[in-house]
Amino acid sequence: MEKFNILKSVPANLPMMNVDTDMIIPKQFLKTIKRSGLGKSLFFEMRYDEQGKKMNNFVLNKEPYNKSSILLAGKNFGCGSSREHAPWALLDFGIKCVISQSFADIFYNNCFKNGMLPIALDEKQLEELIEYSERKEVIEINLPEQKIKLGNKIISFEVDAFKKKCLLDGLDDISLSLEKSEKISFYEKNIQKTKPWMN
């Protein structure tokens, strides 16, 4: 998993509440177990018309937001079914941080497990970021310092210490298990001697 440290981007604003995982990546694109290739289908029904052409009025189809790595979203982002394809699609598009007032729990945790940073802020703080989005100005997300820098202003955010460490070190669940490989090997060898009937 790619390490997350400092991220700079013009944020893209998607001011919709209750964006569910089917809106993020519709069910017809869930046939794959690969994490790559899903970005083109992100927000498919909002990004494309019936002929498959990009709709110019959707934020992620406009310059410079089509290259944004930070997404500003409405309350309860990522609700609905617990599909891990949702953060996969966002990441494959290039979005590495989602900022909202609130997130669905499963989506929130899936973000961290895939190297994406979800940040919860209050309404006033989010409105300040939206102003920067409208002006097409770059903001900076500094995970080590837990700060969002916009011009001369700084907004602090909270993040669980363990989840923060995993993002900074690029550790997913498999990597965390591999860090304990020596202890696992020792246990397996030892249990063959002490409890041979378990083999």
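Predicted model, so just to flag it, every value in this text is computed and none were measured.

**Student:** Account for the layout of surface pockets, with residues named and values stated.
**Tutor:** Roughly 290 Å³ of volume is contained in the largest pocket. Around the largest pocket, the lining is made up of 15 residues, and of these Glu2, Leu91, Lys96, Asn114 and Gly115 lie nearest the centre. Here the lining of the largest pocket gets 3 residues from one element, more than from any other, and that element is helix α3 (residues 85-93). Tallied by class, the residues present in the lining of the largest pocket amount to 6 nonpolar, 3 polar and 6 charged. In this structure, the second largest pocket spans a volume of roughly 180 Å³. Taken together, 13 residues line the second largest pocket, and the ones lying closest to its centre are Gly74, Gln101, Glu123, Leu126 and Ile130. The element that contributes the greatest number of residues to the lining of the second largest pocket is helix α5 (residues 123-134), accounting for 4 residues.

**Student:** Describe the packing of α3 against helix α4 (residues 105-113), naming the residues involved and giving the relevant values.
**Tutor:** Pairs of packed helices are described in terms of their axes, by the angle between the two and the distance that separates them. Axis separation between α3 and α4 bottoms out at 9 Å; the angle between their running directions is 50°. As summarised for this structure, α3 and α4 are arranged oblique, according to the angle between their axes. The handedness of the crossing between α3 and α4 comes out as right-handed. Counted together, Ala86, Pro87 and Leu90 of α3 and Phe107, Asn110 and Cys111 of α4 form the full contact between these two elements. Its residues assigned to classes, the contact of α3 with α4 comprises 5 nonpolar, 1 polar and no charged.

Quick notes on the rules
Within any chain, residue numbers begin from 1 and follow the written order of that chain's sequence. Side-chain atom pairs in this predicted model are given and counted only at pLDDT of 80 or more, local residue features only at pLDDT of at least 70, and totals for whole chains, interfaces and linings cover all residues. As a convention, hydrogens and water are excluded, and side-chain values are obtained from all of the structure's heavy atoms. The definitions used throughout rest on a 1 Å grid laid over the protein atoms alone, on which a cavity is an enclosed set of points accommodating a 1.4 Å probe that cannot get out and a pocket is an open set flanked by protein within 12 Å on both sides along at least five of seven lines; lining residues are those having an atom within 4 Å of a point. Grid points are joined across faces, edges and corners, and a volume is the space filled by probe spheres set on the points. Numbered from the N terminus, helices here are DSSP runs of H or I no shorter than four residues, and strands are runs of E no shorter than two. Three classes are used, and their members are as follows: Ala, Val, Leu, Ile, Met, Phe, Trp, Tyr, Cys and Pro are nonpolar, Asp, Glu, Lys and Arg are charged, and the others, Gly among them, are polar. In this analysis an axis means a line fitted to C-alpha atoms, helices contributing only their contacting stretch, and an angle means the value between N-to-C directions, from 0 to 180 degrees. Our angle categories are set so that under 35 degrees counts as roughly parallel, over 145 as roughly antiparallel, 65 to 115 as roughly perpendicular, and the remainder as oblique. Whether a crossing is left-handed or right-handed is set by the direction in which the near helix is turned from the far one by less than a right angle, anticlockwise for left-handed and clockwise for right-handed. Contacts are assigned to residue pairs with any non-hydrogen atoms lying within 4.5 Å of each other.

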